[in-house]
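Here are the chains, one letter per residue:
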Amino acid sequence: MHKNSKALVKAIRLASLAAIAAPASVMAGGFSLNEQSASQMGVANAGAAANPENATTVLFNPAGMSQLSGTNLSFGAAFLDIDAEAKSGSVESGRNNPGVPVTPGSDGGDIADLAVLPNLYLTHEINDSIDVGFGIHAPYGLAADYDNDFAGRFFADKTELKAIAFTPSIAINNGQGLSMGLGLNILYAEGRLSRFQDLSASVGPAALMLEEPYADAEGDDIGMTFRVGFLYELSEATQLGLTLQTGTELELDGDLEISGIPNPANPTGPTLTVSEDIKVPLAIPESATLGIRHRLTDDVTLLAGATYARWSRFEELDIVSDQAGGPIAQAPVDGAVISHVTERWKNTWQLNAGAIWQATPAWAFKAGYAWDESPVDDYVTARVPSSDRHWLTLGARWADVQSGWSVDVAVGTLLFKDDPEFTERNYQHGNPGQVAELAPGISDPSYYKAEYDLSAWSAAFEISKAF
């Protein structure tokens, strides 16, 4: 992060503590999160850009604020439970010295915990032409934590990304069915990457008797993206919505600490610890979302949508020295790459379809389906074990027209798909056709390979009030 933003970061830490306290799911699209609103989750976010039911339209399409009257408030939370674990008996691994076995070598256990993602949205109608709004939500997140005896611990231990966005927005309309909105996403992000260090290349079998050094990198940053939205009423029954969001690149600024380093002068004595200022560049993708809403009858509404995200911006995950002459990089100037992992993610599509049945004036029931592509392609790693997935959701809404209160609830499940079976994929560390370099001319044959079982469920609630 830029040095002149330190005070702002401290202020945002206090304001956003509740929202970033719980890590997010490792199974989102890339590291973006779908679960931002129970009312939209009930239809798997289908047509969200064209269906401004409440104040959550601040996020999904700020132009939708023009179709809300007075002041509107929506708040709630989503709960995600991910089961992600390497299958017993499928794990293979090797050190950078092939003659030294990886012991212990467990499958790492279930790497994801229950996550809680709160959100809050507010809109206000200034006059017939102008509306303003504000939102707080968690748009991006990753969380993976392996057991300490994990066979792939030299590649990954803890992986965390916690992000919160503050979203002021404005919308204008021409009074003839066309609206335009603009939103500013002020992002605060924290990240952590850790793993154990393999000593076998330098000390051989003696590595089995020594404490394994532990590298732990942490950093944070503030960034901004912009969202432009359009909403057009084709007829009383049908309307189209389009949103475009810019990308950005965060630089998570912090430090890398390596502890447990053997002391060459006293190998059996206390270990050493060194640290260095570092930064971790992190690309946030551009995206475009198209939505359509069609009222088939007075009681049935059909929804559909598509989102394209430019995840190809995320080409590598590097830890870069930010300290000239630091004890880890030992480089005369800053900018030296301490750790490099090739990612080369691909651009993705998410396709959604859903329906709402207004069973009574007070009760509505929802269902949705989404096909969500994973950006992880050839370069798979244990930090992001993911694959393409189906998202199935159900939802319900109760509304009291007289008081303006409404309550939405939703549940969903993710079915992970990969040939030849669901919820199974091979993860091979080491990039295709490449080997890591320990030093010029010295290759690193270490590897980690496994099949993962992946499954997930989610639930959300939302309370809204129209004043």
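Please refer to the structure placed before this passage.
Residues numbered from 1 in each chain as written. Predicted model: local features only at pLDDT ≥ 70, side-chain atom pairs only at ≥ 80, totals over all residues. Heavy atoms only, no water.

Caption draft 1: Just the pairing of strand β17 (residues 363-372), in detail. Of the two faces of β17, only the one carrying Ala364, Lys366, Gly368, Ala370 and Asp372 is buried; Trp363, Phe365, Ala367, Tyr369 and Trp371 on the other face are not. Linking strand β16 (residues 348-358) to β17, which pair antiparallel, is a turn of four residues. Sheet topology places β17 next to strand β18 (residues 389-400); ten bridges connect them, and they run antiparallel. Paired with Tyr369 across the strands is Leu392, a residue of β18. (Buried < 20%, exposed > 50% of the residue type's maximum accessible area, 1.4 Å probe, protein only. Helix = DSSP H or I, 4+ residues; strand = E, 2+ residues; numbered from the N terminus. Pairing = 2+ DSSP bridges.)

Caption draft 2: Spotlight on the pairing of strand β11 (residues 272-284). Pairing of strand β10 (residues 248-261) with β11 involves twelve bridges; the strand directions are antiparallel. Residue pairing across strands places Asp253 opposite Lys279, the latter belonging to β11.

Caption draft 3: Inspection of the nonpolar core at higher detail. Of all hydrophobic cores here, the largest spans 30 residues; its most connected members are Leu117, Tyr146, Ala382, Trp391, Tyr448 and Tyr452. Those elements that provide at least two residues to this core are α3 (38-41), β1 (71-86), β19 (405-418) and β24 (447-466). Counting residues per element, this core draws most heavily on β24, at six residues. In this structure, Ala163, Leu187, Ile258 and Val376 belong to the second largest nonpolar core, which totals 28 residues. (Core = buried A, V, L, I, M, F, W, Y, C linked by side-chain atoms within 4.5 Å.)

Caption draft 4: Spotlight on the pattern of salt bridges. The full count for this structure, using the stated rule, is 15 salt bridges. Residues Arg397 and Glu53 are paired through a salt bridge, measuring 4.0 Å at the closest nitrogen-oxygen approach. Residue Arg397 is found in strand β18, and its partner Glu53 is found in the loop between α3 and α4 (57-60); the two are separated by 344 residues along the sequence. Residue Arg397 is classed as buried on the basis of its relative accessible area, which comes to 16%. Between Glu286 and Arg310 there is a salt bridge, and its shortest N-O distance comes to 3.1 Å. Here Arg310 lies in the loop between β13 (300-309) and β14 (316-321) and Glu286 lies in the loop between β11 and β12 (287-295), a separation of 24 residues in the sequence. On the basis of relative accessibility, which here comes to 38%, the residue Arg310 falls in the partly exposed class. Each of Glu53, Lys366, Arg397 and Asp408 takes part in salt bridges that share partners, so that together they form one network. (Salt bridge = Lys/Arg side-chain N within 4 Å of Asp/Glu carboxyl O.)

Distances and angles like these do not, on their own, reveal function.
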